[in-house]
Amino acid sequence: MAWNTNLRWRLPLACLLLQVAMVVLFGVFARYDFEADAHWWAGKRHGNVSSDLENEFYYRYPSFQDVHVMVFVGFGFLMTFLQRYGFGAVGFNFLLAAFGIQWALLMQGWLHHLEDRHINLGVENLINADFCVASVCVAFGAVLGKVSPIQLLIMTLFQVTLFSVNEFILLDLLQVKDAGGSMTIHTFGAYFGLTVTRILYRRNLEQSKERQSSVYHSDLFAMIGTLFLWMYWPSFNSAISYHGDSQHRAVINTYCSLAACVLTSVAMSSALHKKGKLDMVHIQNATLAGGVAVGTAAELMLMPYGALIVGFICGLVSTLGFVYLTPFLESRLQIQDTCGIHNLHGLPGIIGGIVGAVTAACASPEAYGLEGLVHSFDFQGFKEGWTPRTQGKFQVYGLLVTLAMALMGGIVMGFILRLPFWGQAADENCFEDDIYWEIPEEKSTIYIHEDPTFKPSTSSVTSVPMASSMPVASLVP
Amino acid sequence: MAWNTNLRWRLPLACLLLQVAMVVLFGVFARYDFEADAHWWAGKRHGNVSSDLENEFYYRYPSFQDVHVMVFVGFGFLMTFLQRYGFGAVGFNFLLAAFGIQWALLMQGWLHHLEDRHINLGVENLINADFCVASVCVAFGAVLGKVSPIQLLIMTLFQVTLFSVNEFILLDLLQVKDAGGSMTIHTFGAYFGLTVTRILYRRNLEQSKERQSSVYHSDLFAMIGTLFLWMYWPSFNSAISYHGDSQHRAVINTYCSLAACVLTSVAMSSALHKKGKLDMVHIQNATLAGGVAVGTAAELMLMPYGALIVGFICGLVSTLGFVYLTPFLESRLQIQDTCGIHNLHGLPGIIGGIVGAVTAACASPEAYGLEGLVHSFDFQGFKEGWTPRTQGKFQVYGLLVTLAMALMGGIVMGFILRLPFWGQAADENCFEDDIYWEIPEEKSTIYIHEDPTFKPSTSSVTSVPMASSMPVASLVP
Amino acid sequence: MAWNTNLRWRLPLACLLLQVAMVVLFGVFARYDFEADAHWWAGKRHGNVSSDLENEFYYRYPSFQDVHVMVFVGFGFLMTFLQRYGFGAVGFNFLLAAFGIQWALLMQGWLHHLEDRHINLGVENLINADFCVASVCVAFGAVLGKVSPIQLLIMTLFQVTLFSVNEFILLDLLQVKDAGGSMTIHTFGAYFGLTVTRILYRRNLEQSKERQSSVYHSDLFAMIGTLFLWMYWPSFNSAISYHGDSQHRAVINTYCSLAACVLTSVAMSSALHKKGKLDMVHIQNATLAGGVAVGTAAELMLMPYGALIVGFICGLVSTLGFVYLTPFLESRLQIQDTCGIHNLHGLPGIIGGIVGAVTAACASPEAYGLEGLVHSFDFQGFKEGWTPRTQGKFQVYGLLVTLAMALMGGIVMGFILRLPFWGQAADENCFEDDIYWEIPEEKSTIYIHEDPTFKPSTSSVTSVPMASSMPVASLVP
């Protein structure tokens, strides 16, 4: 396989074409939400709003910024653990997310917020666009190091579209609750990405095996990603919940679940190592599974101990997945999952969907208060006659629809990305920044002590280009 | 000393046991605060709350997230300065904080918030739990690199308990003001940690001296920690102050104090070096002392120039401490303080306590307004007859109680941690991640120029495992 | 040129002197704003304020913290891309910003907020001080690696002063709108810095050429800076806009512009490389140009597609600048612009000023509503008779004044900094931390396979002090 990885005209064209399309479509469709429009002030003066603070901006903006950090720094740095793919991890994540949020604003706008032929943008749209892109970042984790930036842009275009449709089916048609996106974001993103990577199976990937591990400092960079994801996850799960108690409760539940998840991840990591040592991969990933798994139920009356139990289980399951399931998936099912997203987003996402369904089905007027129950689940208007049990049933339908959409979409996407002209790297060049990035030459001058019995004809000072291992390797006789 | 550092069964058991205990205790005690409960919405509708924004969540959540970042990224990365203990610094800090916040929610709940046999969790509890854990992170700095994760979990369990009792004595019994925790968090954490490290004195620690320094990039990682602590410290000191002017003022005071502290730290660092060079240790640590030292007084009418003076002095004191006091403590008092917490949290904490006492004692109706004075110091109900002077006196009592509790607690803890079966490393293996972590092998292929007079029998390409210096050392003849 | 770079007495004296001056001036002038004063609570009780939340603190504090992160982590880490100047980048940025915010509080206070001989500090002052310092950080980018910390302190003192005067002329005299500071912050900072570096031209800078590039991990550190700047830029441009719709709109516009900018930067970066590879310099810098260029217009009714177009253009212009303009400036105009601030802040700043002028001139009552128009541009009182066209005209005047002030100020500053006793490094020692910092010695023990034909008289284990390349070089015969 000798694909041409020179993207000189393909990548610029793809980027410019997509961006021009965005400009045109925004010109036709995108306007400001009333609360972001200069007319708002007049409306406020005429007594419709009691205080500037009632502007939705003040309810959501701090959460938005936290989610924004998770998408760009969180996911970006989490994937820098590979020794020679840090530029690709952070840089391509940056690229796909920057394109994805624009396209998501449009897609979600068309499906959810179209008023009078216009999409009215406000802070909630920005959060939802970031959420949608988070799902693409999840899928990126499965194909990290094996695809070209052009493939990523195409995947983003397609996945954002499908995400929005799936989200529309779940939230609008099935009336599912999923504020933290256990189903819409994590389950969808994970199984979409896993299907894509299955179809892009690379038979000879062990040729770049050596680069598929981390080095000491790349693991520390990855911890930056892990920690910002972990710390801001309460904002993620509460960002678009109802005002007041729902946001408040979502934060508490997520906080509890994540804390419990850290302890069980550490426990399993040590227990599964023959010398009881901890594995950075587990600390970087499994500790986050608790946030994924309370995504759906976080805003419900899960109770703090319920959140702890969810986190407890997910730390165990996720670490076990890294140790046993990922190698199995690779060797038997030919699913090469670079970041182990199945353990961090796939399984915990499904658990989250089920926990959400059970929590909804068990909701009682005692726990929520009668008015609280109606408010929390919108049991009015269209959903007038619904009971918690109905809600629970529909939550399960939502999970199944999500899985089906992810698998089907992933298959289509996979075959499109298998076409040979997207600039993908050969198997032996995977996980290598040098393919798509101008890499700084790293010279370290080594002084070898002079020695009378050793008379080199050339200088004894050798230049060691440490950063680019391939050219070096080729020099070796 | 040949302790067994294989934690295969001990660490998993400790983690799982503690986490199961947390689940059970949360099940029995933890409920949602009214403002995080689904009943809140009904209460709001019936006219008790004028706006969704009146939910405490919107007052405190941005500050909470900043504090959360300080505990996990701030303290975690601050301690990555050691060349071979980055995983332990970030990872163990993550572990102990994740356990500590759960236990702190319970302990502080039992002592402060027990209503009708239940602890009602809200965003303020989350902040206080993070505060409590910050105190453990401080103490961790003293023993960094010398204790096992099991010892850290035990220390966290014990220190959180004692912290909560001390906090209860200060805030509830002595009615001390300490919103930023100069006394309860920093003084307590520092002297507790120093006492523990004194009792764990390692006679032959110079055997791992080489690993007790930093390398170029580890110092940059540490600066991530420093800067997030520095930037978010205004949130730390204002997070649980009264609404409105108190929070506002605490931010301004902390901002001023920290800014001044940077300049005097730089000045002393340069002045104390024979070539006038700056020392990263001082920039990483002493610049933060100003935040510690306005912890108590930040919410009071300290005045901006007062805050500057506090920062000014602490930058000097802290840098002097690093240069003269830390070596003295180690050589004479056998206190091996890895991160120099005595200079960053110990001395500035005491200064902060005194500054707080003086500021309180000097509070006048002119400065606060009569109502403002009563409101700021709660001079009503139980404290009806108190004067600012009384308050100042009790502030001093609070400081003394804190020191006593820290010393006594540290002694008990130290002797418990000296037991030989906690998996601690031998003196020559301290500050080495390899003991508790699976470390990635770092191969760098070195090409040595071919030379006709030099005919090696084996390959001239040598593999240099740079990341693990110990096995290499053992290969050297 | 053998300047003395030992700062032992000069740096401490400069720092202490400046800090003592700050303490005295704060003592004379700085007080708390009413909303941060203990009297506020009494005012509130007497019915002047309906809710604690009406305190300005709750409107601005989250934005303030984001801006704070941009100044200290964003600019600090963005400049760590140099292989041997990471300490200087982060550390000197820390120092100058910590001094600058204090001096800016005073300067801006005297010019804008002097009431009854006092400066009343509130959260808005803190944001404006950070803004002012951001302008110094921009200028620092031009002289990075070539100036001593003393020169930076002097530059900060002078530039903050001039910034405040320029800001006063623009905002108060010319009544220009510039919430995100395209003109006052970026254009001013860039052309000031470029003029300074022109006058400090170093003829033999190619002697330290090798250190003027990055290494693999230093580029990743720089991406931390890039991403925090990129993510928090919406907060930057909205931090001091009017409450409600203005802040809301500024966020949306900045978000859109930045997203578009990423795609066009990537496109150009690939198109301009002969193998189509991406250059980290462009990803680190050009992607931010969109934030600079909507600084002025962000709070206006630019429309989302307008923001996209601005970002689109700036990504192109900025990347082209890095490839063609920076080398031209250096070779022909003798402007040595270390970080390429002309491409990131200079050109986009001017574009931002023009976009702002056009957007203002085209403002119509249809777009804003009549009341909205008056409110957005303050067309009342002093500006009673103004039309949008007048506003646009004055925006252009503002831009021209800014350019003139920056050039004149830069010339004066440059000649002051050329004096030989500020401790600057010689040309061959530029971009080298070792001059001003105590650098950790980095030993890596290399084991060279034993070989019977090669009998060294000394140990074959050579110690390679990698971190300090200069002493090594001197050992080479």
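Higher on the page you've got the structure.
Residues numbered from 1 in each chain as written. Chains lettered and ligands numbered in written order. Predicted model: local features only at pLDDT ≥ 70, side-chain atom pairs only at ≥ 80, totals over all residues. Heavy atoms only, no water.

Draft legend 1. Structural view of the nonpolar core. Core analysis: the biggest nonpolar cluster contains 476 residues, and F228(A), F228(B) and F228(C) have the highest contact counts within it. If sequence neighbours within four positions are ignored, F228(A) has contacts with V69(A), M70(A), V73(A), V69(B), V73(B), F228(B) and F228(C). L170(A), V176(A), M183(A) and L399(A) belong to the second largest nonpolar core, which has 5 residues in total. (Core = buried A, V, L, I, M, F, W, Y, C linked by side-chain atoms within 4.5 Å. Buried < 20%, exposed > 50% of the residue type's maximum accessible area, 1.4 Å probe, protein only. Contact = heavy atoms within 4.5 Å.)

Draft legend 2. Looking closely at helix α12 (residues 304–332) of chain B. All names here are of chain B. The terminal C-alpha atoms of α12, which comprises 29 residues, lie 39 Å apart, in line with the 42 Å expected from a rise of 1.5 Å per residue. The principal kink in α12, of about 45°, is found at F322. Trailing α12 by a residue or two, Q334 shows a phi angle of about 55°, which is positive. (Helix = DSSP H or I, 4+ residues; strand = E, 2+ residues; numbered from the N terminus. Expected span 1.5 Å × (residues − 1). Bend = angle between axes of the 7 residues up to and from the residue.)

Draft legend 3. Local environment of the packing of aromatic side chains. Going through the model one piece at a time under the given rule, you end up with 87 aromatic pairs over all chains. Ring geometry for F377(B) versus F379(B): centroids 5.4 Å apart, planes at 15°, classification stacked. There is no split in this pair, since F377(B) and F379(B) are both buried. The structure contains a cluster of three or more aromatic residues connected by ring pairs, namely F57(A), Y58(A), Y61(A), F64(A), Y59(C) and Y255(C). In this structure, R84(A) is placed above the aromatic ring of Y216(C), and the distance from its NZ or CZ to the ring centre is 5.2 Å. (Phe/Tyr/Trp six-rings, centres within 6.5 Å; stacked < 30°, edge-to-face > 60°. Lys NZ or Arg CZ within 6 Å of the ring centre and 35° of its normal.)

Draft legend 4. Here's a closer look at the interface of chain B and chain A. Each side of the interface is counted separately: chain B has 93 residues, and chain A has 85 residues. For the pairing of chain B and chain A, the buried interface totals around 7,600 Å² over both sides, and the portion due to carbon and sulfur atoms is 73%. At the surface where chain B touches chain A, the tally comes to 1 salt bridge. Summed over the shared surface of chain B and chain A, the result is 28 residue pairs in polar contact (both at pLDDT 80 or more). When grouped by side-chain class, the residues that make up the side of chain B that touches chain A number 58 nonpolar, 20 polar and 15 charged. The pairing of strand β4 (residues 278–279) of chain A with strand β5 (residues 437–438) of chain B spans 2 bridges and is parallel. For D279(A), the partnering residue across the bridge sits in β5(B) and is E438(B). (Buried area = accessible area lost by both parts, 1.4 Å probe. Salt bridge = Lys/Arg side-chain N within 4 Å of Asp/Glu carboxyl O. Polar contact = N/O pair within 3.5 Å; in protein donor to acceptor, adjacent residues only side chain to side chain. Nonpolar A, V, L, I, M, F, W, Y, C, P; charged D, E, K, R; others polar. Pairing = 2+ DSSP bridges.)

Draft legend 5. Just a nonpolar patch on the surface, in detail. A grouping of V412(B), I416(B), L419(B) and F421(B) is seen on the molecular surface, where their side chains present a nonpolar patch of about 310 Å² in accessible area. Mapped onto the secondary structure, F421(B) falls in the loop between α16 (388–417) and β5. (Patch = residues over 30% accessible without salt bridge, like charges linked within 9 Å, V, L, I, M, F, W, Y side chains within 5 Å. Areas by Shrake-Rupley, 256 points an atom, 1.4 Å probe, with all protein chains shown as cover.)

Draft legend 6. Examining the relation of the copies chain C and chain A more closely. At an RMSD of 0.0 Å, chain C and chain A line up after a rotation of 120° and a shift of 0.0 Å along the axis. Each copy turns onto its partner about a three-fold axis. Comparing contact sets, just 12% of the residues at the interface of chain C also lie at the interface in chain A, consistent with a heterologous contact between different surfaces. (Least-squares fit on C-alpha atoms with pLDDT ≥ 70 in both.)

Draft legend 7. Summary view of the environment of L7(B). Tracing the backbone through its elements, the reader meets L7(B) in the segment before α1 (10–29). Sequence spacing of L7(B) and P420(B) is 413 residues, and the spatial spacing of their C-alpha atoms is 13 Å. Once you skip the residues sitting within four places of it in the chain, L7(B) turns out to touch S270(A), K275(A), G276(A), P12(B), P149(B), I150(B), W422(B), G423(B) and Y436(B).

Draft legend 8. Looking closely at unusual backbone geometry. Residue and element names in this part refer to chain A. At Q334, a position not held by glycine, the phi torsion is positive, near 55°. Along the chain, the position of Q334 falls in the loop between α12 (304–332) and α13 (341–361). Residue classification places Q334 among the partly exposed positions, given a relative accessible area of 23%. In this structure, F431 is a non-glycine residue whose phi angle is positive, near 55°. Looking at where F431 falls in the secondary structure, it is placed in the loop between α16 (388–417) and β5 (437–438).

Draft legend 9. Geometry of the relation of the copies chain B and chain A. Once chain B is rotated about the relating axis by 120° and shifted along it by 0.0 Å, it coincides with chain A to within an RMSD of 0.0 Å. Mapped onto chain A, only 11% of the interface residues of chain B are again interface residues, and the two copies thus contact each other with different surfaces.

Draft legend 10. The arrangement of helix α7 (residues 182–199) of chain A in detail. All names here are of chain A. In a regular helix each residue adds 1.5 Å, so 18 residues correspond to 26 Å; α7 covers 24 Å between its end C-alpha atoms and thus fits that length. Where α7 bends most, at F188, the angle is about 25°. For α7, a buried count of 17 out of 18 residues is recorded, marking the element as mostly surrounded by other parts of the structure.

Draft legend 11. The environment of L344(C), seen in detail. Residues and elements named next belong to chain C. Among the structural elements, L344 can be located in helix α13 (residues 341–361). Taking the relative accessible area as the measure of exposure, L344 reaches 3% and is therefore buried. Separated by 158 residues in sequence, L344 and H186 have C-alpha atoms that sit 8.7 Å apart. The residues touching L344, leaving out its near neighbours within four places in the chain, are L78, N285, L288, A289, V292 and S318.

Draft legend 12. Geometry of the side chain of N55(B). Looking at the element boundaries, N55(B) is found in the loop between α2 (39–48) and α3 (56–78). What makes N55(B) buried here is its relative accessible area of 0%. Reaching out from N55(B), the side chain makes a polar contact with the side chain of H248(A) at a distance of 2.9 Å. For N55(B), the contacting residues outside a window of four places in its chain are G244(A), D245(A), H248(A), E35(B) and W40(B).

So yeah, pure geometry; function would need other evidence.
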